[in-house]
Amino acid sequence: MLDLNRSDFPDGFLFGASTSSYQIEGHSFGGAGKTHWDTFAATPGNVVGGQNGDIACDHYHRMDEDLDLLRDANFDVYRFSTSWARVLPEGRGKVNAEGLDFYERLVDGLLERGIKPAATLYHWELPSALADLGGWANRDIAGWFADFTQVVMERIGDRVWSAAPINEPWCVAWMSHFSGNHAPGLRDVRATARAMHHVLLAHGRSIEVMRGLGMENLGAVCNLEYAVPVDGSEAAAKATRTYDGFYNRFFLGGLFNKSYPEDLMDGLGPHLPEKWHDDMDLIGQKVDWCGLNYYTRKLIAPAEGPWPHLEEVTGPLSKTQVGWEIYPDGLYHLLKRVHEGYTRDIPLYVTENGMACDDSVSGGEVKDQKRVDYLDAHLARVKRAADEGIPVKGYFTWSLLDNYEWNLGYAPRFGIVHVDFKSLKRTPKASYHALSTALQR
Ligand code: IFM
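Note that this is a predicted model, so its numbers are computed, not measured.

What counts, and at which threshold
In this numbering scheme, every chain counts its residues from 1 along its sequence in written order. Where totals are concerned, whole chains, interfaces and linings use all residues; where local detail is concerned, this predicted model gives features only for residues with pLDDT of at least 70, and gives and counts side-chain atom pairs only at 80 or more. To get the side-chain values, all heavy atoms of the structure are used, and hydrogens and water are removed first. The nearness test applies per residue and asks whether one of its heavy atoms lies within 4 Å of the molecule or strand. Any pair of nitrogen or oxygen atoms within 3.5 Å is treated as a polar contact; in protein, a donor-acceptor pairing is required on top of that, and neighbouring residues in sequence qualify only through side-chain atoms on both sides. Per-residue and other accessible areas were derived by the Shrake-Rupley procedure at a 1.4 Å probe size, with only the shown protein chains allowed to occlude residues. The classification used treats Ala, Val, Leu, Ile, Met, Phe, Trp, Tyr, Cys and Pro as nonpolar, Asp, Glu, Lys and Arg as charged, and all other residues, Gly among them, as polar. Throughout, nonpolar core names a set of buried Ala, Val, Leu, Ile, Met, Phe, Trp, Tyr and Cys residues whose side chains join them through atoms within 4.5 Å. The rule is simple: take the accessible area with a 1.4 Å probe, protein chains only, and divide by the maximum for that residue type; under 20% is buried, over 50% is exposed, in between is partly exposed. Only the stretch in contact is used when fitting a helix axis, every axis being a line fitted to C-alpha atoms; angles between N-to-C directions are given from 0 to 180 degrees. Where helices and strands are cited, they refer to DSSP runs of H or I of at least four residues and of E of at least two residues respectively, numbered from the N terminus. To sort the angles, those under 35 degrees are grouped as roughly parallel, those over 145 as roughly antiparallel, those from 65 to 115 as roughly perpendicular, and the leftovers as oblique. Rotating anticlockwise by less than a right angle from the far helix to the near helix defines a left-handed crossing, while the corresponding clockwise rotation defines a right-handed one. Should any heavy atoms of two residues lie within 4.5 Å, those residues are counted as being in contact. Two aromatic rings from Phe, Tyr or Trp, using only the six-membered ring of Trp, form a pair when their centres are within 6.5 Å; if the ring planes differ by under 30 degrees the pair is stacked, by over 60 it is edge-to-face, and anything between is tilted. Every case where a carboxyl oxygen of Asp or Glu lies within 4 Å of a side-chain nitrogen of Lys or Arg is listed as a salt bridge. Every helix has an expected span of 1.5 Å times one less than the residues it contains. To count as a disulfide, a pair of cysteine sulfur atoms needs to be within 2.5 Å.

1. Looking at the site of the ligand
No. 1: Around the ligand, the structure places Gln23, His123, Trp124, Asn167, Glu168, Tyr295, Trp324, Glu352, Trp398, Glu405, Trp406 and Phe414.
No. 2: Tryptophan 406 is positioned with one of its side-chain polar atoms (N or O) 2.9 Å from an oxygen atom of the ligand.
No. 3: Burial of the ligand by the protein amounts to 95% of the accessible area it has alone, namely 280 Å².
No. 4: When its residues are assigned to classes, the shell around the ligand shows six nonpolar, three polar and three charged.

Structure, rendered in structure tokens:
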């Protein structure tokens, strides 16, 4: 059981679950084109076991069963994403009609069940044909993405409850072009800086397109981490500020204050595209809400070597299956900080929150008490923020289903529903039942 129930939250507060296309659908079906995740996974050493999204949870064929699970959990809203390569297999040009039909059936299936569809246009599976042209490092991607937005939203834009262009710009840009552990696996500061700017430019162009179609309730979704200095030294404080800068403040600053942090310019400035300042009005145009994806905090220490002169340090708190420290207070602090420093009056949503556990089915049950505790603790911080007047209006758990956890493959289980990746059988976990009960009360 969860400690908190629906009635503990303000009237109209929404509860939902999140997923993404490549992680659950099965990309080898329905005419989807190849993506940079297919080739990244096919390259030795990139993904645990070389696993890919070919089958994933086979949501493509089991959509109705999965939508019934959402309904039976008493969720109000479902956050899903649309695969660019499923809709436009070459990234541009010819539309795969079957792909668009799939997303229309998804939206209609949600509405029939009384669930609000919350669409994200891009959650990381870039069509290979566009990766060949430089992907996010190429400024033209903003135009390609605007065209993709048009194609998708001309079909479903009249029925979705909300839409956001891009999930987690930090991951699209930094994790994939600097850290190199997500596709396309680059480790290059120039490509990183360009991707950081272009991902926000693409966001801006996409918002413009959707406004042009008359859509409302458009937002931006950032993943944020609570960065903490490893000790009391000035060097650790500086390193932490840099980490917070390229992780949190760069994207929030661009989206909500039309500016990038000055203190990052020694590292990033020389590599940003020329005349980037000219794009800031487009990037920072008004959106209707902001989504925060929150999982963990990070301990940061200074380090030798090139910018950003820092390293992450393993912390002492209890950890999830993927080694992330559990730190619920970070969610409260970030909600407050984002509201006060960036988004001001517009609603905030916690668009992802959850944990990976090493779950297994025994006697038809999955006892994931650790996840129940995690959800309880984080919901308590969301409630605290709401009680203090921060306009947080909803909470989505990551994720509905166990799924493809990118470079870590299928071992980390983030779902409130267990998926047996051989039989593809779904088994709702204790956390699913706890949420379902809490949302009735
Ligand atoms: O699985 C991911 C998701 O794709 C984006 N946000 C974080 C999740 C857990 O790592």
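2. Digging into the nonpolar core
No. 1: Counting residues in each nonpolar core, the largest one holds 141 residues, and the members touching the most others are Trp84, Trp136 and Phe246.
No. 2: With eight residues, the next largest nonpolar core counts Ala118, Ala164, Val221 and Phe396 among its residues.

3. Quick word on the packing of helix H8 (residues 169–179) against helix H9 (residues 189–212)
No. 1: Where H8 contacts H9, the axes come no closer than 8 Å and their chain directions differ by 165°. In terms of axis orientation, H8 runs roughly antiparallel to H9. Along this stretch, H8 crosses H9, giving a crossing that reads as right-handed. Only Val189, Ala191, Thr192, Ala195, Met196, Val199 and Leu200 of H9 make contact with H8, whose side of the interface consists of Pro169, Val172, Ala173, Trp174, His177 and Phe178.
No. 2: Within the contact of H8 with H9, the residues separate by chemical class into eleven nonpolar, two polar and no charged.

4. Points about the packing of aromatic side chains
No. 1: All chains considered together, the criterion is met by 39 aromatic pairs.
No. 2: With a centroid separation of 6.3 Å and an interplanar angle of 25°, the aromatic rings of phenylalanine 29 and tyrosine 60 are classed as stacked. Of the two residues, phenylalanine 29 is situated in the loop between helix H1 (21–24) and helix H2 (36–41) and tyrosine 60 in helix H3 (residues 59–72); the sequence distance between them amounts to 31 residues.
No. 3: Between tryptophan 84 and phenylalanine 148, the ring centres sit 5.1 Å apart and the planes meet at 10°, which makes this aromatic pair stacked.

5. Observations regarding the pattern of salt bridges
No. 1: Summed over the entire model, instances satisfying the criterion amount to 36 salt bridges.
No. 2: Three or more residues joined by partner-sharing salt bridges are found here, namely Asp101, Glu104, Asp108, Arg155, Asp158 and Arg159.

6. Re H9
No. 1: Spanning 24 residues, H9 covers 35 Å between terminal C-alpha atoms, matching the ideal 34 Å at 1.5 Å per step.
No. 2: In terms of burial, H9 is a largely internal element, 18 of the 24 residues being buried.
No. 3: Measuring from the backbone nitrogen of arginine 190 back to the side-chain oxygen at the start of H9 gives 3.1 Å, which picks out aspartate 188 as the cap.
No. 4: Immediately beyond the C-terminal end of H9, within one or two residues, lies glycine 214, with a positive phi of roughly 85°.

7. Concerning the state of the cysteines
No. 1: Enumeration over the complete set of coordinates arrives at zero disulfides.
No. 2: Free cysteine: cysteine 171, not disulfide-bonded; nearest cysteine sulfur from cysteine 222 at 10 Å.
No. 3: Left without a disulfide partner, cysteine 357 is nearest to the cysteine sulfur of cysteine 57, which lies 16 Å away.

8. Observations concerning the side chain of aspartate 244
No. 1: Relative to the elements of secondary structure, aspartate 244 occurs in helix H10 (residues 234–257).
No. 2: A polar side-chain atom of aspartate 244 sits 2.7 Å from a polar atom in the side chain of asparagine 248.
No. 3: Setting aside residues up to four positions removed in sequence, aspartate 244 forms contacts with Ala227, Arg249 and Arg337.

No statement about biological role is implied by the geometric values presented.
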